[in-house]
Amino acid sequence: VQLQASGGGLVQAGGSLRLSCAASGRTFSTSIMAWFRQAPGKEREFVAAISWNGGSTYYADSVKGRFTISRDNAKNTVYLQMNSLQPEDTAVYYCAGATYWRGRFGTEVAEYDYWGQGTLVTVSS
């Protein structure tokens, strides 16, 4: 599966952005999908994940209540709606997929099998 993330940009604090991640490949609809982010000088961190059918989601505490992950399997796309953005949300955002369900949502980079190239989100104060 190949992933292509888009939708990043510059936004003022309090604003919103929606990221998209388009996938090619037949396993997308059965994969766990997630978003991670990496700020300058920091390690890549988990943001949100969604089950294969969109029925379950999981969020990092830092984004809970502000970000929403969703997916459209007919379009092979996963989304991240980001509201009430803050300067600390500035990072390169990556989408990722896990082929197998491990009984819980993975929050570590090593738990995901394929990655997109990243899209930059910059939040100004």
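Check the entry above for the structure.
Below you will find a few notes about this structure. Per chain, residue numbering runs from 1 following the sequence as it is written. Two thresholds apply to this predicted model, a pLDDT of at least 70 for residue-level local features and 80 or more for giving and counting side-chain atom pairs, whereas whole-chain, interface and lining totals are computed over all residues. Values shown for side chains rest on all heavy atoms present in the structure; no hydrogens or waters enter the calculation.

### Comments concerning the sheet that holds strand S1 (residues 2–6)
Our working rule: Pairing between strands is defined by DSSP: at least two bridges between the two strands are required. By the criteria applied, helices consist of DSSP H or I runs no shorter than four residues and strands consist of E runs no shorter than two, each listed in order from the N terminus. Axis definition: a line fitted to C-alpha atoms, over the contacting stretch in the case of helices. Angles run 0 to 180 degrees between N-to-C directions.
Taken in spatial order, the four strands make up an open sheet running S1-S3-S8-S7, and their pairing is antiparallel. Looking along the sheet, the strands with just one partner apiece sit at the ends: S1 and strand S7 (67–72). Averaged over all neighbouring strand pairs, the angle between strand axes comes to 15°, with direction disregarded. Where S7 lies against strand S8 (residues 77–82), six bridges are found, and the strand directions are antiparallel. Residue pairing in the sheet places Asp72 in a bridge with Thr77 of S8.

### Here's the deal with the pattern of salt bridges
Using the following cut-off: By salt bridge we mean one thing: a side-chain nitrogen of Lys or Arg within 4 Å of a carboxyl oxygen of Asp or Glu. Buried, partly exposed and exposed residues are distinguished by accessible area as a fraction of the type maximum, computed with a 1.4 Å probe on protein chains only: under 20%, between the cut-offs, and over 50%, respectively.
Inspection of the entire model under this criterion finds five salt bridges. For Lys64, the salt bridge goes to Asp61, with nearest N and O atoms at 3.1 Å. Accessibility classification places Lys64 together with Asp61 in one group, the exposed group. Connected through salt bridges with shared partners, the residues Arg37, Glu45, Arg66 and Asp89 form a single ionic network.

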